[in-house]
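Here are the chains, one letter per residue:
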Amino acid sequence: MKLHPAVGSGSAGSPVGARLSENPAWEVLVLEAGGQPPPVSYIPGLSNFGIVWGNPYNYHYMSTPQKFSHYNFRNKEVPFHRGKVIGGSSVINYLFYNRGSRSDYDRWAALGNTGWDYETVLKYYRKMEDYNGNFFNERYHGKGGPLSIESTVIKTPLTEAFFKAGEELGLQRVDYNAEKHIGYNLPEMNTRNRERQSSADAFLKPNLERPNLKLQSESRVIKVLLDDDLRAVGVKYIHQNQIKQVFARKEVILSAGAFDSPKLLMLSGIGPKKHLEQHGIRCRVDLPGVGQNAQDHLRIYGLSWTMRPTNTNVLEVFSREQSKLYREFRNGSLSGPSATVGHYLMNLGGNPDPGTPDVQFLVTTALLSGDRGFITPVAFGLRRDVYQDYFQPYEGQEGFSIFPLANSPKSRGYVALRSSNPLDPPVIEPKFLVHSDDVEVLVKAAKVALRICETPAFAEGAGAKFIDRPLPGCKHLATGSDEYWRCYVRSMSTSAWHNVGTCKMSPASDPMGVVSPSLKVRGVKGLRVIDASIMPYITTGNTNAPTIMIGERGVDFIKEEYGFKK
């Protein structure tokens, strides 16, 4: 069988499959390791379902023990939640739609990556959008595309304080996906009629009636097949407990994500020669950059405040009343990401462009003890004794949390092979906080979070009171001192699961590049990587929207090369 195989149906893989199949002369086979998503995944208010440990829709990867961070996490390891399902991580994420900033893409282009500047990628954002939010502007948003964008409409007990505090801080309410990126707003979401719309729901599934497009689930790709001329001629995969092969007429596309795309390249003999030979893999193309340049956003976990009682708590999201509101009117607390209020986006000096936010602050209407330890400590990998000491005393109380997230990290990690067995998970070494500047940005962010809640809107309007209980592991330091906050950041910061960069896009002059600006793998014919792993620098916002855009942009390089236009 000769087809055009595309590996992965996630945020990038679904637009890749759908857009390639617009050419009726091209047969496209999308291979996905997972199966159909469960019904619960479509309810925005239950968006945390995917990080419940042990569920089958998640790879549940773990990092190596961290040296400079995660002091209060089990074995100092980081849980990485990655979607193993049709739609990939767009099925288990928090639904936020944030493109990042203009400067992100202009920075990519300035490195020599032609065709990735902001004005160019903006065309693809408009193309893919069906914008149904509150801030339509035809310069920045599109209508009629596959992907629905809606604005959060939930009114929480903190919504009024959130807006007033923004004004008191001197910020403007902005559409952060348009001209200005510094300010505050409620989140934009990937939902249609208040139901999650994964990348597969938007792009792939509506086009499966095309005779030249096929989606095959429960099919785990284990190797790219190369001929003697170093051309990718197909892939090997496991389906129904059998090893099978499929051959390519044009190209093989990897859209397996920032962990599995570099893993597949290395299993296929493409990567750092010494590392491959250590695992008994014949090196076909020595590419030292494969698996390097790993980046992620780090967020502080645990900053919480009690508040004046409102007779609500995080568990109310599961009440009969809220279920009825959602079922009958697609309204209520289940109609948006669980417990979310909104974002503040600021520049605290960690990014040289003053118009680019280097920190975002997510405000949520829940203490981290709100689920009484059922999901939170396990999903985030927090040590049980830390939970019992620091969080458990506040079970049953009303409150809220703020998660400061560093948008422009300087620390870089890597992804490597654990063995030559394709079913073994990769070695993931994020090297969080290895660069001291990342610590200092998050220390500043923690102090700003305190200042946010000292505004009259929060302090008087909501009765916010910071939970200043000394943190386990930092009790020997003066609470509130810089040294205390540095300890807090290294103890309680963890991944936002925005993993990118491990198959870096660059011009040929960069010895650590993996793919060209048109996303071709160096030294191999007929092979591209089209997913978040190609980002040379992580975007200054949530990464799902940019990853979908990369899928759209990547396919157009293929169409242009083969002379197909639509």
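(A) Region of the structure containing the packing of helix α3 (residues 118-128) against helix α14 (residues 544-561). Contact pair α3 / α14: the axes reach a minimum separation of 9 Å and the direction vectors enclose 105°. When the interaxial angle is binned, α3 and α14 end up roughly perpendicular. Across from T120, V121, Y124, Y125, K127 and M128 in α3, the residues of α14 making contact are A545, P546, I548, M549, E552, R553, D556 and E560. Each residue belonging to the contact of α3 with α14 can be placed in one class, and the counts come to eight nonpolar, one polar and five charged.

(B) Summary view of the packing of aromatic side chains. Considering all chains together, one arrives at 33 aromatic pairs under this definition. Ring centres 6.4 Å apart and planes at 40° place the aromatic pair Y301 and F403 in the tilted group. You can see Y301 sitting in the loop between β18 (298-300) and β19 (304-306) and its partner F403 sitting in strand β22 (residues 399-406), a full 102 residues away along the chain. Judged by relative accessible area, which is 9%, F403 ranks as buried. What links up through ring pairs into an aromatic cluster is the set F73, Y301, F380, Y387, Y390, F391, F403, Y484, W485, Y488 and W497. In this structure, R139 is placed above the aromatic ring of Y140, and the distance from its NZ or CZ to the ring centre is 4.9 Å.

(C) Geometry of the state of the cysteines. The final tally for this structure, using the stated rule, is one disulfide. Paired by a disulfide, C474 and C487 hold their sulfur atoms 2.0 Å apart. Residues C474 and C487 share a disulfide whose torsion about the S-S bond is about -90°; that sign makes it left-handed. Here C474, found in the loop between β25 (465-466) and α13 (482-492), pairs with C487, found in helix α13; they are 13 residues apart in sequence, far enough to count as distant. Both residues of the pair, C474 and C487, count as buried.

(D) Representation of the nonpolar core in the model. Counting 77 residues, the largest nonpolar core has W116, L265 and L527 as its most contacted members. When residues in this core are grouped by element, the largest group, seven residues, is from α14. Membership of the second largest hydrophobic core comes to 70 residues, among which are M307, V363, V448 and V489.

(E) How the structure looks around helix α4 (residues 159-168). Residues of α4 that are buried include every one of T159, A161, F162, F163, A165 and G166, and no others. Turning to α4, the residues buried within the fold contact β7 (183-185), β20 (340-346), β21 (359-364), α11 (436-452) and α12 (456-461). Positive phi appears at G170, one or two residues downstream of α4, with a value of about 80°.

(F) Examining the sheet that holds strand β6 (residues 147-151) more closely. Across the sheet, which stays open at both edges, the three strands sit in the order β5-β6-β8 with mixed pairing between neighbours. The open sheet terminates on both sides in strands that have one partner only, identified here as β5 (129-131) and β8 (188-189). Both β5 and β6 contribute to a ladder of three bridges, which runs parallel. For D130, the partnering residue across the bridge sits in β6 and is S148. Strands β5 and β6 of the sheet are contacted by α3, whose axis makes an angle of about 65° with β5.

(G) Up close: helix α10 (residues 384-391). What α10 keeps buried is the set V386, Y387, Y390 and F391. When α10 is viewed along its axis, its buried side chains cluster within an angular range of 100° and face the same direction. Against the buried residues of α10 lie α9 (376-380) and α13.

(H) Representation of the packing of α11 against α13 in the model. Interaxial distance between α11 and α13 falls to 9 Å at its minimum, and their mutual angle equals 105°. With respect to each other, α11 and α13 are oriented roughly perpendicular. Taken together, the residues of α13 that come into contact with α11 (itself represented by V439, E440, L442, V443, A446, K447 and L450) are D482, W485, R486, V489 and R490.

(I) Broad picture of the pattern of salt bridges. Tallying each qualifying case throughout the model produces 28 salt bridges. In this structure, E150 and R194 form a salt bridge, with 4.0 Å as the shortest nitrogen-oxygen distance. With a gap of 44 residues between them, E150 in strand β6 and R194 in the loop between β9 (191-192) and β10 (195-196) connect regions that are remote in the sequence. Across this residue pair, the class does not change: E150 and R194 are buried. Its salt-bridge partner being D482, residue K447 comes within 2.4 Å of it at the nearest N-O pair. With K447 in helix α11 and D482 in helix α13, this residue pair connects regions lying 35 residues apart in the sequence. The exposure class of D482 is partly exposed, given its relative accessible area of 36%. Residues joined in a network through salt bridges with shared partners are R19, E22, K127, E552, D556 and K559.

(J) Here's a closer look at the environment of V386. If you trace the backbone, V386 turns up in helix α10. The exposure class of V386 is buried, given its relative accessible area of 0%. For V386, the residues in contact, after removing those within four places along its chain, are N72, F391 and P472.

Each value, and the rule that gives it
Residues numbered from 1 in each chain as written. Predicted model: local features only at pLDDT ≥ 70, side-chain atom pairs only at ≥ 80, totals over all residues. Heavy atoms only, no water. Axes fitted to C-alpha atoms, helices over the stretch in contact; angles between N-to-C directions. Helix = DSSP H or I, 4+ residues; strand = E, 2+ residues; numbered from the N terminus. Parallel < 35°, antiparallel > 145°, perpendicular 65-115°, else oblique. Contact = heavy atoms within 4.5 Å. Nonpolar A, V, L, I, M, F, W, Y, C, P; charged D, E, K, R; others polar. Phe/Tyr/Trp six-rings, centres within 6.5 Å; stacked < 30°, edge-to-face > 60°. Buried < 20%, exposed > 50% of the residue type's maximum accessible area, 1.4 Å probe, protein only. Lys NZ or Arg CZ within 6 Å of the ring centre and 35° of its normal. Disulfide = S-S within 2.5 Å. Core = buried A, V, L, I, M, F, W, Y, C linked by side-chain atoms within 4.5 Å. Pairing = 2+ DSSP bridges. Arc of directions from axis to C-beta. Salt bridge = Lys/Arg side-chain N within 4 Å of Asp/Glu carboxyl O.

By themselves these figures say nothing about function.
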